[in-house]
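Structural characterization, general
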Amino acid sequence: MNITKLVLGACSTNVYIVSSNKKNAILIDPADNAAEIIKTIEENGLCLKYIFITHGHTDHILALKEVKEYFNVPVIISKIDAGRLEDEELINERPYVKIPYKAVKADILICEDDIINLDELSFSFLGMPGHTDGSMAIIVNDNIFSGDTIMFEKHGKTSLPGGNEKLLISSIKKMMNTLIGDYKIYPGHRQETSLDYERKCRLSTVITGY
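No experiment lies behind these values; they were computed from the predicted model shown.

1. Quick notes on the sheet that holds strand β2 (residues 13-19)
Read across the open sheet, the six strands follow the order β1-β2-β3-β4-β5-β6; overall the sheet is mixed. Both edges of this open sheet fall to β1 (2-8) and β6 (108-110), since each of them pairs with a single strand only. Averaged over neighbouring strand pairs, the angle between their axes works out to 25 degrees when direction is ignored. Looking at chain direction, strand β5 (residues 75-78) and β6 are connected through three bridges and run parallel. Looking across to β6, one finds that S78 is bridged to I110. Contacting β1, β2, β3 (24-28) and β4 (47-52), helix α1 (residues 34-43) runs over the sheet at an angle of about 160 degrees to β1. Each of β3, β4 and β5 is contacted by helix α2 (residues 64-71), which is oriented at about 145 degrees to β4, the strand it contacts most.

2. A short note on the environment of I116
Looking at the secondary structure, you find I116 in strand β7 (residues 115-118). Assessed through its relative accessible area of 12%, I116 is described here as buried. Beyond its immediate stretch of four places on either side in the chain, I116 contacts Y50, F52, I76, L121, S122, F123 and F125.

3. Things to note about a negative patch on the surface
Together, D87, E88, E89 and E93 make up a negatively charged patch on the protein surface. As for its placement among the helices and strands, E93 is situated in the loop between α3 (88-92) and β6.

Here is what the cut-offs are and how they apply
- Residues numbered from 1 in each chain as written.
- Predicted model: local features only at pLDDT ≥ 70, side-chain atom pairs only at ≥ 80, totals over all residues.
- Heavy atoms only, no water.
- Pairing = 2+ DSSP bridges.
- Helix = DSSP H or I, 4+ residues; strand = E, 2+ residues; numbered from the N terminus.
- Axes fitted to C-alpha atoms, helices over the stretch in contact; angles between N-to-C directions.
- Contact = heavy atoms within 4.5 Å.
- Buried < 20%, exposed > 50% of the residue type's maximum accessible area, 1.4 Å probe, protein only.
- Patch = residues over 30% accessible without salt bridge, like charges linked within 9 Å, V, L, I, M, F, W, Y side chains within 5 Å.
- Areas by Shrake-Rupley, 256 points an atom, 1.4 Å probe, with all protein chains shown as cover.
- Salt bridge = Lys/Arg side-chain N within 4 Å of Asp/Glu carboxyl O.
- Lys, Arg positive; Asp, Glu negative; His and termini not counted.
- Charge placed at Lys NZ, Arg CZ, Asp CG, Glu CD.

The values reported here are purely geometric and, on their own, carry no functional implication.
Shown next, in the form of structure tokens:
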């Protein structure tokens, strides 16, 4: 397995491309700058098979329509957050949106414990409500793609529609108690961290801006 990280858009959002040994790939959160995402996939000789969305916030999906149409691949998001991808007004209300977002209908709606297989890789999903109602962590091997639920010494803001501070704290505790052992965490913003490290840190500060 190989993981490529791009940092794109006004909110410095982390975009991940995860590829199998056969060079088939999934894209996590096409934040912005579709041209850069497409270029990276093609220059690495990858065949994109799926687009995963951790949650339906503006700064994670602005390049979604263009990338989806270019590669003609299915979009996967939680059943709860799927409607956000079709709500142009909700997405475009953020002040940093320069090119209006166009609605995208998700192709596959997932729930907790669903599994998507790609060659030797098996992606599972953990519900993490609190940042949005339908935020999901994506787990493959000993890696977690956490979106904006858990970040280095922080967690995502809960002031936007669907946010709930107590629920997010509960979701993080559930992750720490459910997953045994250590995992590397690839968050939606900031640097990578690990589950063991975050278990040692009490996440009580809300990060602003994401």
